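Coordinates in review
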Amino acid sequence: MSDHDLAGKAGRPAAPSRPTLKTIAEMTGLGVTTVSRALKDAHDISAKTKLRVRKVADAIGYHPDRAGVRLRTGKTNVISLILDQTDKVPEFARRLIVGISDVIRGTPYHLVVTPQSRTDDPMDPVRYVLNTRAADGVIITHIRPDDERVQALSQSGLPFVAHGRCLSAPDHAYHDFDNRAFCEMAARRLIARGRRRLALLSPPSEFSYYQETLAGLAAVAEAENVPFQVLGGIDLDSSSEVLRQAGMALRHQDYVPDGVICGSELCAMALIDGMIQSGMNVGRDIDVIAKETSDLLNFTRPRIDSLREDLIVAGQQLATHLLDVIEGREGASLQSLSAPIPVWRNDI
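Read on for an overview of the structure. (Residues numbered from 1 in each chain as written. Predicted model: local features only at pLDDT ≥ 70, side-chain atom pairs only at ≥ 80, totals over all residues. Heavy atoms only, no water.)

1. Quick word on the pattern of salt bridges
- Enumeration over the complete set of coordinates arrives at 21 salt bridges.
- Between D287 and R195 there is a salt bridge, with the nearest N and O atoms lying 2.9 Å from each other. Of this pair, D287 sits in strand β9 (residues 287-292) while R195 sits in the loop between α9 (179-192) and β6 (198-201), and the two are 92 residues apart along the sequence.
- Overall, D287 belongs to the buried group, its relative accessible area being 6%.
- With a closest N to O distance of 2.9 Å, E292 and R345 form a salt bridge. With E292 in strand β9 and R345 in the segment after β12 (341-343), this residue pair connects regions lying 53 residues apart in the sequence. The same class applies to E292 and to R345, which are both buried. (Salt bridge = Lys/Arg side-chain N within 4 Å of Asp/Glu carboxyl O. Helix = DSSP H or I, 4+ residues; strand = E, 2+ residues; numbered from the N terminus. Buried < 20%, exposed > 50% of the residue type's maximum accessible area, 1.4 Å probe, protein only.)

The following block contains the structure:
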């Protein structure tokens, strides 16, 4: 190395050192062990001391060295959300993430989102996490009745929680929307509005919530002695244009419904657009009730009734359950359902 290079290095200001537990200890006059335990919210450290330590840590920008933590404890302080990318409304992902973040804020955990395409092997991101131990816990969505991801995670011992229920392994931790109640409430609402020929734009049949949705509609239809059909050739994964075309063709079918239940607001909007183009009057000739997870239906015409799934609450419940599983609680004791919230925009 030349004298010029050495001179350049000598004159270069040193990079600021990263704040450490020792830095906080020196600033507070406490021991390094006390500082460490205060940041971990140890029960034998006073609230006053914890607050004092946290204020100093925040002021100097202290963050644990995650590589060091992993070497010492084997923990990553990461929660992995494996998120299906086929949902039509981006609000699904955003609201779920907001809810999860609300719960893990103030904990050592950080959220890492792993996108997953429906065209890929659903086991790929799970295998990656299991093989690399890239997370301390996993959240999975779009659960199937016999879901190999649930079985693999259960066998591995890695903490996980599902947004949905695996029927072949019922003891896992989950939070789910009560899709059976959604369909029951929607069907009763349509019947109360005088509708007597019901139809369902169903979820894809490979998912657990397809069975719950269909069971809810069938129970009410049988009790009220009204016919119903699942709309053929389309489902909630169909493109908006395919759904629009299906809406246009609806009045020309052998079975012409006067009440449709739809598990997605965006799908309902596409279907309704086709109905209107074909000359059907939504609200007079036919009613549509949708599940909503965003505010879209507050700004559309015609006004339709809906039942709301609060995805922020779902994210909060999923994160709470996962933290409990990480702490050692049994998955079978961590199972919850969200009730549909009626949003009636029309009179009976």
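2. A few points about the nonpolar core
- Core analysis: the largest hydrophobic core is formed by 23 residues, its most contacted members being L201, L231, V260, L271, M275 and I304.
- Every element with two or more residues in this core is listed here: β6, α11 (240-249), β8 (259-262), α12 (265-277) and β9.
- If we skip the residues at most four places from it in the chain, L231 touches A199, L200, L201, L250, V260 and L271.
- Ranked by size, the runner-up nonpolar core spans 20 residues in total, among them L83, F92, V161 and A173. (Core = buried A, V, L, I, M, F, W, Y, C linked by side-chain atoms within 4.5 Å. Contact = heavy atoms within 4.5 Å.)

3. Focus: the pairing of β6
- Alternating positions in β6 separate into two faces, L198 and L200 on one and A199 and L201 on the other, with burial throughout.
- Where β6 and strand β7 (residues 228-230) come together, 3 bridges link them in parallel fashion. Its bridge partner lying in β7, A199 is registered against Q229.
- Between the parallel pair β6 and β7, the chain is carried across by helix α10 (residues 208-224), and the sense of this crossover is right-handed.
- Pairing analysis gives 4 bridges linking β6 to β8, with the strands arranged parallel. What sits directly across from L200, in β8, is I261. (Pairing = 2+ DSSP bridges. Right-handed = clockwise from strand over helix to strand, strands pointing away.)

4. Section: unusual backbone geometry
- Put simply, R301 and P302 share a cis peptide bond, and its omega is 0°.
- Mapping P302 onto the fold places it in the loop between β9 and β10 (305-308).
- If you check the backbone angles, N77 has positive phi at about 60° while not being a glycine.
- Assignment of secondary structure puts N77 in the loop between α5 (66-73) and β1 (78-84).
- Take N77: its relative accessible area is 9%, and that puts it in the buried class.
- Here R133, not a glycine, exhibits a phi torsion of approximately 50°, which is positive.
- Note on placement: R133 falls in the loop between α7 (123-132) and β3 (137-141).

5. Quick look at the sheet that holds β12
- One open sheet holds the 6 strands; their spatial order is β7-β6-β8-β9-β10-β12, and the pairing between them is mixed. Strand pairing shows two members of the sheet lacking a second neighbour, β7 and β12, which therefore form its edges. Going across the sheet, the axis of each strand differs from the next one's by a mean of 20°, ignoring polarity.
- Where β10 and β12 come together, 3 bridges link them in antiparallel fashion. When the bridges of β12 are listed, R308 appears paired with I341. (Axes fitted to C-alpha atoms, helices over the stretch in contact; angles between N-to-C directions.)

6. Details of the packing of α7 against helix α8 (residues 148-156)
- The contact between α7 and α8 brings their axes to 10 Å, and the two run at 10°. As summarised for this structure, α7 and α8 are arranged roughly parallel, according to the angle between their axes. Residues M123, V126 and L130 of α7 touch α8, and the partners they reach there are E148, R149, A152, L153 and S156.
- Tallied by class, residues from the contact of α7 with α8 come to 5 nonpolar, 1 polar and 2 charged. (Parallel < 35°, antiparallel > 145°, perpendicular 65-115°, else oblique. Nonpolar A, V, L, I, M, F, W, Y, C, P; charged D, E, K, R; others polar.)

7. Concerning the side chain of K50
- Its place among the elements puts K50 in helix α4 (residues 47-60).
- Contact partners of K50, with chain neighbours within four places excluded, come to A38, D41, A42, H43 and I45.

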